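Observations on chain architecture
Spelled out, the chains give:
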Amino acid sequence: MRILTVVPLITLAIIIGGCATPSRTVQRTAADEQIDLSGRWNDTDSRLVAEEMVDDVLRRPWLGRFESSENRAPVVIVGEVRNLSSEHIDTTPFIRDIERELINSGMVRFVAGDRVREQLRSERMDQQTQAREETVSRLGAETGADFMLSGTISSTTDAIDGLRAVAYSVNMDLINIESAEIVWIGNKEIKKLIEQRRSRW
Amino acid sequence: MKGVRFAITTVLLAVALAGCASTRNTLFVEADDAVRDADYSRALQIVESNQDRMYTSRDGVLFYLDTGMLLHYDGEYRESTERLEEAERLIEEYFTRSISQAAATFLINDAMRDYGGEDFEDIYLNVFKALNFLGEGRTESALVEARRINIKLNLLEDKYQSLAAGYARAEEADGPEIRPGENRFYNSALARYVSLVLNRAEGNADGVRIDWQFVQEAFRQQSNLYDFPLPLDESTARMPADSRLSVLAFAGRSPVKLAQTLWILTGDNMVTIIYAEEDERLGRIPQGLASFYFPGVEGGYRFKFELPRLHPRGSEVTHIRVVADGRVLGEVEMLENMEEIALDTYRIKEPIVFIKTVTRTLVKSLVGARAGQAMRQAGSESGTAIGMIAGILGSIATEIVLDASEQADLRVSRYFPAYAYVGEWDLPAGEYEIDVEYYRGGQLLYVDRLGRVPVSPRSPNLLSSYLAR
């Protein structure tokens, strides 16, 4: 008879114990650890593509040709990276990843993008009337870029119930601003297979 | 005879209790009235402040769909997108069904599972997200939504097109008859049209051509859902010489689910039936009581069946005119009967809901009857007045609990429109004061003043307007 009392009590204790477990846990991970949760484009994709693109662009002959003809490192500006995929991808981190990798390589120089330049020009104009003369930044002394890097992120999705294959294709062009000559085209593809279970407890 | 009286009394008590208690629909009366008056911010405030009463923890999809749509109508595009995004995420998450919840639907009622959204809700949320992004001037993000719509529609197409094609063929030729109930919604002319307009603005001729084919196909292969003429012609798929203004006008409100309740009570050689129908505003209203002699029937059983019925709310609007700078451009014509798509989706599920409800009710009622009998018997065997009263009260309580647990699943999104209309006009580039006029016969019901709108080349120039009447 005792066992009839004890077993339900233990079961109840287990259930209550289970309920008492926190519903959310937080674990710190390394910033570059690969974590895939939903299967959508994430920081790992952005970082891996940026690294490979930069590695590729710096190994190609356009760089050596420019350096030998101009005797200096080329100045690059990052233009638009258009999102042509079926996901809302913020291209800003991806652009920042590319800029960082290129600048850190020391093989190219960079100028700020159009929005930042607008802010800088406004600040420079303000300095003309508000700052001490010896500290005023000169007008018309910006460094002009030699090349513009721009691109697209597109995706194709093939799906059936519970299974989705997504192929991302990142295409980037490096264009000589003066001649409009395309000096480099880079492409990186990422494919993911996402499976969702039909049932859970 | 005593048993039947006892049972009828219990049922009437249960009806009275159920009548007093708010149904899911009566909770929304005030918010619905505000929507009808185009006072969307008030409707939103009512819904948000009564969230706990209107939605259970399993109705997240509905809460985000309803509030997302109200925010959209109110012009709060960014917040609307966030809500619709959350609804979309939950729909994706609930694709994985909970086995424990499924088991609960067989024991208690269908509302015990997470509401995972209907196919049409999953498609329309992207349509309105696209319109949100256009409202914010974010064409690239609107295009992302157009691509998501295409992926979802392709999935539906793969699932249901063979049935639809079979149905279309069966209409033309002699062959095995395929019932219209088997034809599923898998292609939305409205969604394809939004995608077409965005691709046209991008100069993506291939995208426009494919979308145009799908718009035509929606009308051809789902003729039960598109039983009206296609309101667009080949010029839709051509790039405009100058600028083209496109107007989507939405009218009415999507259908709601109302409960139909039936109680069957048995006495010795006697059957009594009580029938109640739900009124959207008043709740369950008893419609009739019939008692008749039925030889051979054993007494003491009572069954409550409650089934949802999709109730169209339609629209008062008969025609809609678009006016630019005081000049009538013309009328918009129906592009999608969103109400019919909702009704059709439910019609396919209806037999499953019916069989499941009947099975569940029979099992619950038989178990309840046995439990009630056992309680009464134990009470009378106790030999004390208190024991007898406890036995009777226990059996009444069992019946009331079973009655209360057997409820129709009335969950469906409330604030999608009933009808979508479209019109396109080529105009010289410039700014126009655009009004959309809604009429019932000759009577002007409402003018939606969209303000000064730039119409320019290589731009979607897609405006949307609403009247939830």
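A few points on the structure. (Residues numbered from 1 in each chain as written. Chains lettered and ligands numbered in written order. Predicted model: local features only at pLDDT ≥ 70, side-chain atom pairs only at ≥ 80, totals over all residues. Heavy atoms only, no water.)

Things to note about the packing of helix α10 (residues 189-202) of chain B against helix α11 (residues 205-221) of chain B
Residues and elements named next belong to chain B. At a closest axis distance of 8 Å, the pairing of α10 and α11 adopts a crossing angle of 165°. Taken together, the axis directions place α10 and α11 in an arrangement best described as roughly antiparallel. Crossing hand, α10 versus α11: left-handed. Contacts between α10 and α11 pair Ala189, Arg192, Tyr193, Ser195, Leu196, Asn199 and Arg200 from the former with Gly207, Val208, Asp211, Trp212, Phe214, Val215, Ala218 and Phe219 from the latter. Of the residues belonging to the contact of α10 with α11, the class tally is nine nonpolar, three polar and three charged. (Axes fitted to C-alpha atoms, helices over the stretch in contact; angles between N-to-C directions. Helix = DSSP H or I, 4+ residues; strand = E, 2+ residues; numbered from the N terminus. Parallel < 35°, antiparallel > 145°, perpendicular 65-115°, else oblique. Left-handed = near helix turned anticlockwise from the far one by under 90°. Contact = heavy atoms within 4.5 Å. Nonpolar A, V, L, I, M, F, W, Y, C, P; charged D, E, K, R; others polar.)

A word on unusual backbone geometry
Positive phi, normally seen in glycine, also occurs at Asn71(A), with a value near 55°. Looking at the element boundaries, Asn71(A) is found in the loop between α3 (61-70) and β1 (75-84). Even without being glycine, Arg458(B) reaches a positive phi, approximately 50°. Checked against the element boundaries, Arg458(B) lands in the loop between β11 (443-455) and β12 (462-467). Judged by relative accessible area, which is 74%, Arg458(B) ranks as exposed. (Buried < 20%, exposed > 50% of the residue type's maximum accessible area, 1.4 Å probe, protein only.)

A look at the interface of chain B and chain A
Taken together, the contact pairs 23 residues of chain B with 20 residues of chain A. Carbon and sulfur atoms make up 47% of the area that chain B and chain A hide from each other, which totals about 2100 Å². Broken down residue by residue, the surface that chain B buries against chain A is led by Phe95(B), Thr96(B) and Glu140(B), which jointly contribute 29%. The interface formed by chain B and chain A contains eleven residue pairs in polar contact (both at pLDDT 80 or more). Elements represented by at least two residues in the side of chain B that touches chain A include exactly α6 (77-93), β1 (97-98), α7 (99-107) and α9 (139-172) of chain B. With ten residues, α9(B) is the largest single contributor of residues to the side of chain B that touches chain A. Considering only residue class, the side of chain B that touches chain A consists of seven nonpolar, four polar and twelve charged. Of the pairings in the sheet, the one linking strand β6 (residues 199-200) of chain A to β1(B) comprises two bridges and is parallel in character. Bridging across to β1(B), Ser199(A) finds its partner in Arg97(B). (Buried area = accessible area lost by both parts, 1.4 Å probe. Polar contact = N/O pair within 3.5 Å; in protein donor to acceptor, adjacent residues only side chain to side chain. Pairing = 2+ DSSP bridges.)

Quick word on the sheet that holds strand β4 (residues 163-176) of chain A
Residues and elements named next belong to chain A. If you walk across this open sheet you meet the five strands as β2-β1-β3-β4-β5, and the pairing is mixed. Unpaired on one side and paired on the other, β2 (109-110) and β5 (182-195) mark the two borders of the sheet. In the sheet, β4 pairs with β5 via 13 bridges, with the strands oriented antiparallel. Bridge pairing in β5 links aspartate 173 to isoleucine 185. Contacts from helix α4 (residues 91-105) reach β1, β2, β3 (147-160) and β4 within the one sheet, and its direction differs from that of β1 by about 155°.

A closer look at the pattern of salt bridges
All names here are of chain B. All chains considered together, the criterion is met by 52 salt bridges over all chains. Arginine 313 is the salt-bridge partner of aspartate 32, the closest N and O atoms lying 3.1 Å from each other. One end of the pair, aspartate 32, is in helix α2 (residues 29-36); the other, arginine 313, is in the loop between β6 (302-311) and β7 (319-324), with 281 residues separating them in the sequence. Exposure remark for arginine 313: the relative accessible area of 13% places this residue in the buried category. Salt-bridge contacts for aspartate 110 lead to lysine 356; the nearest nitrogen and oxygen are separated by 3.2 Å. (Salt bridge = Lys/Arg side-chain N within 4 Å of Asp/Glu carboxyl O.)

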